[in-house]
Amino acid sequence: MEALGYYSDQTRSDVRIDTAIAAAEYEQRAVNSHHAATLVAIHEVLSEARFSPEVFVGDHASRHSSHDVEFSERSAIADLAVRLSLSETTIHAHEHQAVTMIGRTPLTWQKFRWGEVSAANARTVSELAASLPDGDDGMFAAFDAAVAEHATQLAPARFRASARKLREQIVADTAAERHESQLSQRRVVFEPDIDGMAWISAYLPAEVATAALSLVDSEALRLSAVPGETRTMPQLRADVLGGMITGFGGAGSGSAGFGSAGSVAVRVGVLIPMLTLLGKSEMPASLEGYGPIDAETARTLAGDATSIYRILTDPVTGAILDIDQPTKHIPTGLRRMRQLIDQTCTFPGCGKRAVHCDLDHTIDRQFGGRTSLMNLSHLCRSHHRNKHNTKWTITQDDAGRIEWTSPTGHVAAPDPPPF
Ligand SMILES: [Zn+2]
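Owing to the predicted nature of the structure, the values given are computational and were not obtained by experimental measurement. (Residues numbered from 1 in each chain as written. Predicted model: local features only at pLDDT ≥ 70, side-chain atom pairs only at ≥ 80, totals over all residues. Heavy atoms only, no water.)

Asks: Looking at this structure, I do not really get the overall build of the protein. What am I missing?
Replies: Helix and strand counts for the protein come out as 15 helices and twelve strands. Counting over 419 residues, the protein shows a buried share of 34%. Residue pairs at least 24 apart in sequence account for 53% of intrachain contacts in the protein once pairs closer than 6 positions are excluded. Carbon and sulfur atoms form 57% of the exposed surface of the protein, whose accessible area is close to 24700 Å². (Helix = DSSP H or I, 4+ residues; strand = E, 2+ residues; numbered from the N terminus. Buried < 20%, exposed > 50% of the residue type's maximum accessible area, 1.4 Å probe, protein only. Contact = heavy atoms within 4.5 Å. Areas by Shrake-Rupley, 256 points an atom, 1.4 Å probe, with all protein chains shown as cover.)

Pasting the structure below:
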């Protein structure tokens, strides 16, 4: 165990405990206060980026051009994300939190700055305050006054429950409008888990979600009554749902009662080391958009594959054999290979899947760039526009990896390759 520094061995144990508790309280307040200070600093960088776009976009940029201001902000968010090892979404959320709390809940914000409110409770306050109708200063003040004390006293879950209730009381009679606005937030979320598993979930109107679940339930129930069925209800529900969406049938064991009729063609990319494919090695493969999967599953998927691209790599460095094309046209094979190699947008930390990204010439063709594996990479629309509209620059090394340099001079190493 690490040596503790808050007391000496000669002290009585009750005093040592008191001292350590006081230290924990002090440090926790410092953490809260530092967190608030981080939000302020991020807000300052972005305010400055909007005011002085020339730093991030180039000398020609002007604060009177909304295009320049927008790209300066995007570029600064990317810069902060890379330096702080946070996602751009988080940087954006941090600034949004600072702006929301300073503008709508100044009382709670002050307590957060002093360290009296935890980061978790501050986030709850900002989320709920942001959901109040714009411009209603009376409502902001009422909410701020109602939550400020509780925010310093309650643990996160209890505080969240209490703050939600206070918010409901303040925004009476707007349930229909609130539902309407949340409806526009509907989406599907994919979340890789370990051991070759992943979660897929959807944010849907309650009536649609309930109807979908009841459909899955009734089909699972029907299957559970089939003689010889050994799967549990949770397993059956999962198999039925997966089968409905992909047309793959019951994942793994037996049929879930859904053929491929009527389903759309599904394309799944898998990177498999050659020795694994030949059954001479158990080195894990990589499933596109997910990550490592076990060798046996990979071989099963490869057995069902209708097309296989070979990508030869250096077994030591992982560098890829180049393929060149004389024309600007990017053939499907080359495009597909680069997709499998990149898997996501090549900006550090960006998780946008390569299939949804632009395939960009690192060195533009008008400057002599080739249409080759080593001069192409995937950039999501947002980072592609950052590359062309701001002072972010990229270079590509011999292994095809992309290195980004921020407008303020920070060099971001490429994320590790999937193989
Ligand atoms: Zn990106």
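Now, onward.
Asks: Quick question: what am I supposed to make of the coordination of the zinc ion here?
Replies: Reference geometry at the metal: tetrahedral coordination by four donors gives ideal angles of 109.5 degrees; octahedral coordination by six donors gives 90 or 180 degrees. Donor atoms from the polypeptide that coordinate the zinc ion comprise Cys 345 (SG), Cys 350 (SG), Cys 380 (SG) and His 383 (ND1), at 2.0 to 2.4 Å from the metal. Viewed at the metal, the four donor atoms of the zinc ion are separated by angles of 96 to 116 degrees, and the geometry they form is tetrahedral. Here the donor residues for the zinc ion map to a single chain with the spacing C-x4-C-x29-C-x2-H. In this structure Cys 380 comes out as buried when scored by relative accessible area, which is 6%. (Donors = N, O, S within 2.8 Å, 3.2 Å for Na, K, Ca; no water. Tetrahedral: all angles 85-135°; square planar, octahedral: opposite > 155°, others 65-115°.)

Asks: Looking at this model, I keep getting lost on helix H14 (residues 332-342). Mind explaining?
Replies: Residues lying three or four places apart along an α-helix face the same way, a consequence of the helix completing one turn every 3.6 residues. With eight of its eleven residues buried, H14 lies for the most part within the structure. When we look at burial in H14, the residues that qualify are Leu 334, Arg 336, Met 337, Arg 338, Gln 339, Leu 340, Ile 341 and Asp 342. Positive phi shows up at Gln 343, right after H14, with a value of about 65 degrees.

Asks: I'm lost on a negative patch on the surface in this one. Help?
Replies: Taken together, the side chains of Glu 44, Glu 48, Glu 54 and Asp 59 define an acidic patch exposed on the protein surface. You can see Glu 54 is positioned in helix H2 (residues 54-57). Looking at Glu 54, the relative accessible area reads 31%, which means it is partly exposed. (Patch = residues over 30% accessible without salt bridge, like charges linked within 9 Å, V, L, I, M, F, W, Y side chains within 5 Å. Salt bridge = Lys/Arg side-chain N within 4 Å of Asp/Glu carboxyl O. Lys, Arg positive; Asp, Glu negative; His and termini not counted. Charge placed at Lys NZ, Arg CZ, Asp CG, Glu CD.)

Asks: What am I meant to see in helix H11 (residues 233-246) here?
Replies: Look at H11: 20 Å from first C-alpha to last across 14 residues, which is about the 20 Å you get at 1.5 Å a residue. Tucked inside the fold, the buried residues of H11 contact helix H10 (206-224). Immediately beyond the C-terminal end of H11, within one or two residues, lies Gly 247, with a positive phi of roughly 75 degrees. (Expected span 1.5 Å × (residues − 1).)

Asks: Would you mind going over the pattern of salt bridges with me for this structure?
Replies: Working definition: two side chains of opposite charge can pair if their charged atoms are close together. The tally for this structure, following the rule as stated, stands at 19 salt bridges. Arg 160 is the partner of Glu 127 in a salt bridge, and the nearest nitrogen-oxygen pair spans 3.0 Å. Taken together, the positions of Glu 127 in helix H6 (residues 119-130) and Arg 160 in helix H8 (residues 156-170) put the pair 33 residues apart, joining distant regions of the chain. We classify Glu 127 as partly exposed; its relative accessible area is 43%. Take Arg 160: its relative accessible area is 31%, and that puts it in the partly exposed class. Through salt bridges with shared partners, one network takes in Arg 50, Glu 73 and Glu 95.

Asks: What am I meant to see in the packing of aromatic side chains here?
Replies: Two aromatic rings, taken as a pair, are described by how far apart their centres are and by the angle between their planes. A full pass over the atoms with the stated rule returns four aromatic pairs. Between Trp 109 and Phe 112, the ring centres sit 5.8 Å apart and the planes meet at 75 degrees, which makes this aromatic pair edge-to-face. In this pair, Trp 109 and Phe 112 are both assigned in helix H5 (residues 106-113), three residues apart and thus about one turn of the helix distant. Each member of the pair, Trp 109 as well as Phe 112, carries the same accessibility label: buried. Both rings, one in Phe 347 and one in Trp 404, keep their centres 4.8 Å apart while their planes meet at 75 degrees; by these two values the pair is edge-to-face. You can see Phe 347 sitting in the loop between H14 and strand S7 (358-361) and its partner Trp 404 sitting in strand S11 (residues 402-405), a full 57 residues away along the chain. (Phe/Tyr/Trp six-rings, centres within 6.5 Å; stacked < 30°, edge-to-face > 60°.)

Asks: What is the right way to read the layout of surface pockets from this model?
Replies: A probe matching the size of a water molecule, rolled over the atoms, marks out where space remains unfilled. For the second largest pocket, the calculated volume is near 790 Å³. Forming the boundary of the second largest pocket are 23 residues, of which Ser 131, Arg 167, Arg 178, Ser 181 and Gln 182 lie nearest the centre. The dominant element in the lining of the second largest pocket, judged by the number of residues it contributes, is helix H9 (residues 175-183), at six residues. Split by residue class, the lining of the second largest pocket holds eight nonpolar, seven polar and eight charged. (1 Å grid on protein atoms, 1.4 Å probe; cavity = no way out; pocket = protein on both sides within 12 Å on 5 of 7 lines; lining within 4 Å. Points joined across faces, edges and corners; volume = space filled by probe spheres on them. Nonpolar A, V, L, I, M, F, W, Y, C, P; charged D, E, K, R; others polar.)

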